[in-house]
Amino acid sequence: MDLSAGHVWVMISAALVLLMTPGVAFFYGGMTRAKAALNMMMMSFVSIGLVGVVWVLWGFSMTGGDGVGGLFGNPFTSFGLESLLGTEDLIGAGFGATFAIITVALISGAIADRAKFSAWVVFVPVWVTLVYCPLAFMVWGGGLLGEEGAIGSVVGEAIDFAGGTVVHINAGVAALVLALIIGKRKGFGKDPSQRPHNIPFVMLGATLLWFGWFGFNGGAAGTAEEAGLIWINTMAAPAAAMVGWLLTERIRDGRPTSLGAASGIVAGLVAITPACANVSPLGAVGLGLLAGILSALAVGLKYKLGYDDSLDVVGVHLVAGIAGTLALGFIALPVEGEGGGLFYGGGFAQLGAQLVAALVAIVFSAVLTLVIGLAIHKTIGFRVSEEQEVNGVDLSEHAETAYEFGGLGMGGSFRPVAESAALTTKESINS
């Protein structure tokens, strides 16, 4: 079979989506303290390695094909992707892998500065297997929430073009659960050193995310008309969300911030993800504006409610993900004159389907993540010691630091200061 333009576009889109995970690494890495930046970035990078292997072995199989009770696909149907050899389906399998990778990477921001890297390495493949893959099957693979599924056939099929439920609500709920299990950072809400250490990194990460998101949303476009609508909406919603976030900061705090601009972009991207192919550009602007305002207000709730979501995964991904998913019940465009959201005369049917899908995603992710998180926390432990947290998880977990300060031997190849000084003295004597 010849390589068509459609094949090439999906492959390029997959590459764009894969780039988003290093984008998350920069976005999150800049938001942490300097002494935890590498650990934060490594949590994203190792997610690529672990999920990439899981996806080839059994992950892809679990998201489609023959279902088990409408919950997940048979993990052995395409084990190792052997059955896909010689077919164009390998292109779609690669595209799907990048979604699984970034979803679990998003969770890491909620437990910044205090998580054991070894615990994260265990969590990633288990969570992808037991939470992400089944939910992807339920929504996209013909499972419970599909048109013929046990739930979808009753309440109607929810619209989730690129991952409002599967990616963002799923990751946001999991992030909240892990933050509650692991507990607050020492000095949470009081220690000024917990502010982002590198805002340019944050803005670079947001840039990479926005760039990659055109592949994230547009990779599955079926026609030129649909692709055009997705592209415009993926530009318009985050642009409006950034404006909404900055206006909220200006009114509430007196100053718009660079961090707010970057966070607003991400909130808008999250909100438009499920709706990118099903709302008008005007609807995308309104949705983005709403998401920017809601997320800007939501990120402060962690201090009032007492949960330490370090890098605002809940405030951005969960809140904006829910907003985008439910908004379709109001502003979804009719298809060939039928259906659509409430504002287009479609009644409450689509809103009901969207609400049920969001609730299923929330409950499913919360319960399974709680079981996985507690199992890890009660066995090998999910949190570093207080001393290691104070000294920095880069040193305790990786024996290296992100920055070289004053030639103290604490750069990429870590050597303790005392050991370095002793070695220098010995070398001087020998010479």
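Rules used throughout
Residues numbered from 1 in each chain as written. Predicted model: local features only at pLDDT ≥ 70, side-chain atom pairs only at ≥ 80, totals over all residues. Heavy atoms only, no water. Helix = DSSP H or I, 4+ residues; strand = E, 2+ residues; numbered from the N terminus. Rg over C-alpha atoms; globule rule 2.2 N^0.38 Å. Buried < 20%, exposed > 50% of the residue type's maximum accessible area, 1.4 Å probe, protein only. Contact = heavy atoms within 4.5 Å. Areas by Shrake-Rupley, 256 points an atom, 1.4 Å probe, with all protein chains shown as cover. Lys, Arg positive; Asp, Glu negative; His and termini not counted. Charge placed at Lys NZ, Arg CZ, Asp CG, Glu CD. Expected span 1.5 Å × (residues − 1). Core = buried A, V, L, I, M, F, W, Y, C linked by side-chain atoms within 4.5 Å. Polar contact = N/O pair within 3.5 Å; in protein donor to acceptor, adjacent residues only side chain to side chain. UniProt positions renumbered as here; feature names shortened; annotations may be inferred. Salt bridge = Lys/Arg side-chain N within 4 Å of Asp/Glu carboxyl O. Axes fitted to C-alpha atoms, helices over the stretch in contact; angles between N-to-C directions. Parallel < 35°, antiparallel > 145°, perpendicular 65-115°, else oblique. Left-handed = near helix turned anticlockwise from the far one by under 90°. Nonpolar A, V, L, I, M, F, W, Y, C, P; charged D, E, K, R; others polar.

Draft legend 1. Structural context of the overall build of the chain. Check the secondary structure of the chain and you find 16 helices and two strands. Taking 2.2 N^0.38 as the reference for a compact globule, 431 residues should give roughly 22 Å; the C-alpha atoms of the chain span a radius of gyration of 22 Å, in line with that estimate. Viewed in the frame of its principal axes, the chain has a C-alpha envelope of about 85 × 55 × 45 Å. Per-residue burial over the chain gives 52% buried out of 431 residues. Within the chain, contacts between residues separated by at least 24 positions form 74% of all contacts whose residues are at least 6 apart in sequence. Surface summary for the chain: the accessible area is close to 17900 Å², and the carbon and sulfur share equals 68%. Taken as two groups, the 18 positive and 29 negative side-chain charges of the chain have centres that lie 21 Å from each other.

Draft legend 2. Region of interest: helix H3 (residues 89-107). With 19 residues, H3 should cover 27 Å at 1.5 Å per step; its first-to-last C-alpha distance of 29 Å lies within 8% of that length. In terms of residue burial, H3 counts as a mostly covered element, since 15 of its 19 residues are buried.

Draft legend 3. Up close: the side chain of Thr325. When you line up the elements, Thr325 lands in helix H12 (residues 313-331). On the basis of relative accessible area, Thr325 is assigned to the buried category, the value being 1%. Other than its neighbours up to four places away in sequence, Thr325 contacts Gly164, Thr165, Ile169, Pro274, Gln354 and Ala358.

Draft legend 4. The arrangement of the nonpolar core in detail. Core analysis: the largest hydrophobic core is formed by 105 residues, its most contacted members being Ile107, Phe123 and Trp127. By residue number, the principal contributor to this core is helix H4 (residues 117-140), which donates 14 residues. Aside from chain neighbours lying at most four places away, what touches Ile107 is Trp120, Phe123, Trp127, Ala171, Ala174, Ala175, Leu178 and Val313.

Draft legend 5. How the structure looks around the side chain of Asn39. As for its position among the elements, Asn39 is in helix H2 (residues 37-62). For Asn39, a relative accessible area of 2% puts it in the buried group. In this structure the side chain of Asn39 is engaged in a polar contact, spanning 3.0 Å, whose partner is the side chain of His398. Other than its neighbours up to four places away in sequence, Asn39 contacts Ala115, Phe117, Val393, Asp394, Glu397 and His398.

Draft legend 6. The UniProt feature "domain: Ammonium transporter AmtB-like" (unreviewed entry) in the chain, seen in detail. Under the local residue numbering, the UniProt record ascribes the feature "domain: Ammonium transporter AmtB-like" (unreviewed entry) to residues 8-403. Along residues 8-403, the helical share is 67% and the strand share 1%, with 40 Å between the first and last C-alpha atoms.

Draft legend 7. Here's a closer look at the pattern of salt bridges. A complete count under the given rule lists eight salt bridges for this structure. Of the charged contacts in the structure, one is a salt bridge between Asp113 and Arg185, with a shortest N-O distance of 3.5 Å. Within this pair, whereas Asp113 is found in the loop between H3 and H4, its partner Arg185 is found in the loop between helix H6 (164-182) and helix H7 (199-218), the two being separated by 72 residues in sequence. Arg185 carries the same exposure label as Asp113, and that label is buried. Ionic contacts of the salt-bridge type, sharing partners, join the residues Arg33, Asp113, Arg114, Arg185 and Asp308 into one network.

Draft legend 8. Broad picture of the packing of helix H1 (residues 5-31) against H3. Where H1 meets H3, the closest approach of the two axes is 9 Å, and the angle between their N-to-C directions is 15 degrees. In terms of their interaxial angle, H1 and H3 are classed as roughly parallel. Helix-helix and strand crossings are classified by hand; for H1 and H3 the assignment is left-handed. Across from His7, Val10, Met11, Ser13, Ala14, Val17, Leu18, Met20, Thr21, Val24 and Tyr28 in H1, the residues of H3 making contact are Ile91, Gly94, Phe95, Thr98, Phe99, Ile101, Ile102, Ala105 and Leu106. Looking at the contact of H1 with H3 residue by residue, the classes come out as 15 nonpolar, five polar and no charged.

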